[in-house]
Amino acid sequence: MALFNFRRDTAPAATGSAEEMEAFLKGYSIEVMPRTAEKVEDFRAILPAGTRVYIAHIDTPIADMVATAARLRCEGFEPMPHFPARIIKDRATLMDWVARYKGEAGVKQGLILAGNAGNPPGEFHSSMQLLESGAFDGFERLHVAGHPEGNKDIDPDGSDRMVMEAARWKSAFAERTDAQMAMATQFCFEARPVIDWVKRLAAEGVKLPVHIGVAGPAKLQTLLKFAIACGVGPSLRVLQKRAMDVTKLLLPYEPTEFLAELAAHKAANPDFGIEQVHFFPLGGIKTNAQWVTDHGGASGRPANA
């Protein structure tokens, strides 16, 4: 893919300090589904106050989505539900969802994305159509999807031509809306390609800040399953290499090295386009939250700590 055409630095990867890691993790977000949220007795016991919590919409009744958002709001967090275009039947359904989220849960943020390419579209098939619909007028923040390693559903030829074209469109849309916008990405496992991709976004005129997707601590087998299912690109080799090392095979994966390198790069380059970290808690939200607390100091301190 074109994003790997950047010159690579030959120096060893930088190791971020504890201070750099804490600064990089500050304001992190995390993702839940209604069924996983039910297993958390009180989010205040594990997350910093005001944390943005994405609510993934995967074969979930809208009533459960809204109830989860309302609970998070009640406990002092900022719910950001997914709005996947391909599972929204028509404009009336979209407007109903938005009205329920606003009225019942005080939602004012949303992740706008196309959704699974396997879902036959109704009236909508892209995030750009949702953004143009006017349904999100009055929202304070709108996030869109980013793909550091490309997306074969969008660019079957292995390039990133259409992905980058969409990123430029979304960046231009951000300039004409009152809502704050950012690009929340798929998770990956190598820092250098991410750094190159963020630099390329800037070179292409894409001004959206990046909220980099990170797979939280999990069993290696779990990560491999999700990574393959989600279409993670070349950085999957990090997990494959680890799977071949008998001494590491049974140890849980932790994103320490990946984040430390990004944190060090951000500390050395304050204008670098990554604004925040977004966690996919594939090994469980409590495990992920505890890892951030252990590695992020005050940035990961629970609300009631």
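Residues numbered from 1 in each chain as written. Predicted model: local features only at pLDDT ≥ 70, side-chain atom pairs only at ≥ 80, totals over all residues. Heavy atoms only, no water.

Asker: Lay out the overall build of the chain in plain terms, naming residues and giving numbers.
Answerer: Scanning the chain from N- to C-terminus turns up twelve helices and eight strands. Counting contacts in the chain only where the partners sit at least 6 residues apart, residues at least 24 apart contribute 80% of the total. Carbon together with sulfur atoms contributes 52% to the accessible area of the chain, which is approximately 14300 Å² in total. (Helix = DSSP H or I, 4+ residues; strand = E, 2+ residues; numbered from the N terminus. Contact = heavy atoms within 4.5 Å. Areas by Shrake-Rupley, 256 points an atom, 1.4 Å probe, with all protein chains shown as cover.)

Asker: Kindly report on the side chain of R52, identifying the contributing residues and their values.
Answerer: Tracing the backbone through its elements, the reader meets R52 in strand β2 (residues 52-55). Lacking a salt bridge, the buried R52 has E275 as its closest oppositely charged neighbour, with an N-O distance of 6.5 Å. There is a polar contact of 2.7 Å between the side chain of R52 and the side chain of Q109. Among the polar contacts listed, one links the side chain of R52 to the side chain of Q276, at a separation of 3.3 Å. (Buried < 20%, exposed > 50% of the residue type's maximum accessible area, 1.4 Å probe, protein only. Lys, Arg positive; Asp, Glu negative; His and termini not counted. Salt bridge = Lys/Arg side-chain N within 4 Å of Asp/Glu carboxyl O. Polar contact = N/O pair within 3.5 Å; in protein donor to acceptor, adjacent residues only side chain to side chain.)

Asker: Tell me what's going on with the confidence of the model for the chain, and back it up with residues and numbers.
Answerer: For the chain, mean pLDDT is 86; residues scoring 70 or higher make up 81% of the total. Low confidence marks residues 1-14, where pLDDT is under 50. Its contacts with residues over four positions away, or in another chain, come to 28 contacts. (pLDDT = per-residue confidence, 0-100.)

Asker: An account of the pattern of salt bridges is needed here, citing residue identities and associated values.
Answerer: Here the structure, examined in full by the defined rule, presents nine salt bridges. We note a salt bridge from R168 to E204, for which the minimum N-O separation is 2.7 Å. Linking R168 in helix α6 (residues 161-175) with E204 in the loop between α7 (191-203) and β7 (210-215), this pair joins segments that are 36 residues apart in sequence. The class for E204 is partly exposed, based on a relative accessible area of 30%. For R200, the salt bridge identified is with E204, shortest N-O distance 3.6 Å.

Asker: So, unusual backbone geometry: which residues are in play, and what are the values?
Answerer: Of note in this structure, D59 is not a glycine but carries a positive phi near 50°. On the secondary structure map, D59 appears in the loop between β2 and α3 (62-74).

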